[in-house]
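Listed here are the chains, written in short residue letters.
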Amino acid sequence: MNWDDTTDDTAPERLVGSVADGEDQAVEAALRPKDLDEFIGQEKVREQLDLVLRAARARGATADHVLLSGAPGLGKTTLSMIIAAEMGAPIRITSGPAIQHAGDLAAILSSLQEGEVFFLDEIHRMSRPAEEMLYMAMEDFRVDVIVGKGPGATAIPLELPPFTLVGATTRAGLLPPPLRDRFGFTAHMEFYEPAELERVIHRSAHLLDVEINVAGAAEIAGRSRGTPRIANRLLRRVRDYAQVKADGIITRDIAAAALAVYEVDARGLDRLDRGVLEALLKLFGGGPVGLSTLAVAVGEERETVEEVAEPFLVREGLLARTPRGRVATPAAWAHLGLTPPRGTTGGNGQQDLFGA
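Our subject in this report is the structure included herewith. (Residues numbered from 1 in each chain as written. Predicted model: local features only at pLDDT ≥ 70, side-chain atom pairs only at ≥ 80, totals over all residues. Heavy atoms only, no water.)

1. Structural notes on the packing of aromatic side chains
As a reminder, the rule being used: Centres within 6.5 Å make a pair out of two Phe, Tyr or Trp rings, where for Trp the six-membered ring is used; the pair is then stacked when the planes are under 30 degrees apart, edge-to-face when over 60, and tilted otherwise. Helix and strand definitions follow DSSP, with helices as H or I runs of at least four residues and strands as E runs of at least two, each counted in order from the N terminus. With a 1.4 Å probe rolled over the protein chains alone, any residue whose accessible area is under 20% of its type maximum counts as buried; one over 50% counts as exposed, and the rest are partly exposed. Our definition puts a charge over a ring when NZ of Lys or CZ of Arg is within 6 Å of the ring centre and also within 35 degrees of the ring normal.
Scanning the entire structure with this criterion turns up one aromatic pair. Taken together, a centroid distance of 5.5 Å and an interplanar angle of 80° make the contact between F141 and F163 edge-to-face. Of this pair, F141 sits in the loop between α5 (128–140) and β4 (142–147) while F163 sits in the loop between β5 (154–159) and β6 (164–169); the two residues are 22 residues apart in sequence, bridging distant segments of the chain. Owing to a relative accessible area of 23%, F141 belongs among the partly exposed residues under this scheme. Across the ring face of F312, the terminal group of R225 is positioned such that the distance to the ring centre comes to 3.9 Å. The residue whose ring lies beneath R315 is F191, and the NZ or CZ to ring-centre distance is 3.6 Å.

2. Looking at unusual backbone geometry
You will see that E122, though not glycine, has its phi angle at about 50°, which is positive. Locating E122 in the fold gives a position in the loop between β3 (117–121) and α5. Residue E122 is classed as buried on the basis of its relative accessible area of 5%. In this model, F141 sits at a positive phi of 50°, which is unusual for a non-glycine residue.

3. Observations concerning the environment of T339
Residue position: T339 is located in the loop between α14 (330–335) and α15 (345–348). Note: C-alpha distance between T339 and L281 (58 residues apart in sequence) is 9.6 Å.

4. Quick look at helix α3 (residues 76–87)
As a reminder, the rule being used: The span one expects for a helix is its residue count, reduced by one, times 1.5 Å. Here a residue-residue contact requires only that any non-hydrogen atoms of the pair lie within 4.5 Å.
For α3, which comprises 12 residues, the first-to-last C-alpha distance of 17 Å matches the rise-based estimate of 16 Å (1.5 Å per residue) to within 8%. Along α3, the positions that sit buried rather than exposed are K76, T77, T78, L79, S80, I82, I83 and A84. The elements touched by buried residues of α3 are α2 (43–59), β1 (66–69), β2 (91–95), β3 and β6. Backbone geometry just after α3 places G88 at a positive phi near 65°.

None of this, on its own, says anything about what the molecule does.
Below, the structure written as structure tokens:
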């Protein structure tokens, strides 16, 4: 099972949201894999990272700084903990928003032990002064502490023990090139295939002492949006349903019935996702329609539609963002079981999508 504690703009109450709430964090702590062999998925990243860590151990050196990027819930925090475990080193965890001043970062860096892993979540949200201090710390293992103010201020160099910085970000494009270039190893975490999520679900079910068959795991995996954290959350809700409404064994029918209660459909869409599609199709004939108009029709804030619902709908090929507005694809009409009117974008497919 692989998750991380990265937060995003997804509302915590969404069952298919990738943000980790208190319950998620408690469960994840118990289910995290402890080494790379136990980590499921991300095959290329695991292979490359294994080489980096083995080489560092063979040299008796501190591992290179590591940058992990990707959507929330894919395993960035988990990998940081595995890096520390594989190197036999302690780990220090903080986040970019928590470091608002260079002094905050200096206090953390000056207290690191030799070889310690420093995990900096949402690194792109760190303040600029702290970011500039981090450049020198990563490259030279030194920071300059400013004492005093104005013309009388002096910089006192402070030597740091060698450490490994593991940065995690959901928006790698927001990292400035000077910071990105100082990482010795960078990796992008991909969404999981259903077969990989099935392995994640079987492992979690075993650790949670839940009985689940192959078909039941496949049903949950297909609705998990390619994200282990969501698969884990759905598994727990289906477990509750199976214990109350059935004999505690999760089958395909039980999983489907449970997730119908929680309004998660066969493709992983929830109430908000379907509300956006239904408004786009039924009220606006498949579009194009402006984002603000669509948000009003759904009864949500513009930011909620754009940042919470749309990314998954676009990734699933159900919605397209065009210069003229939001447009439903033929797959959206098919998914909701609706017939597109003749002459609409949904009816004529790709050509109409671009106004041809």
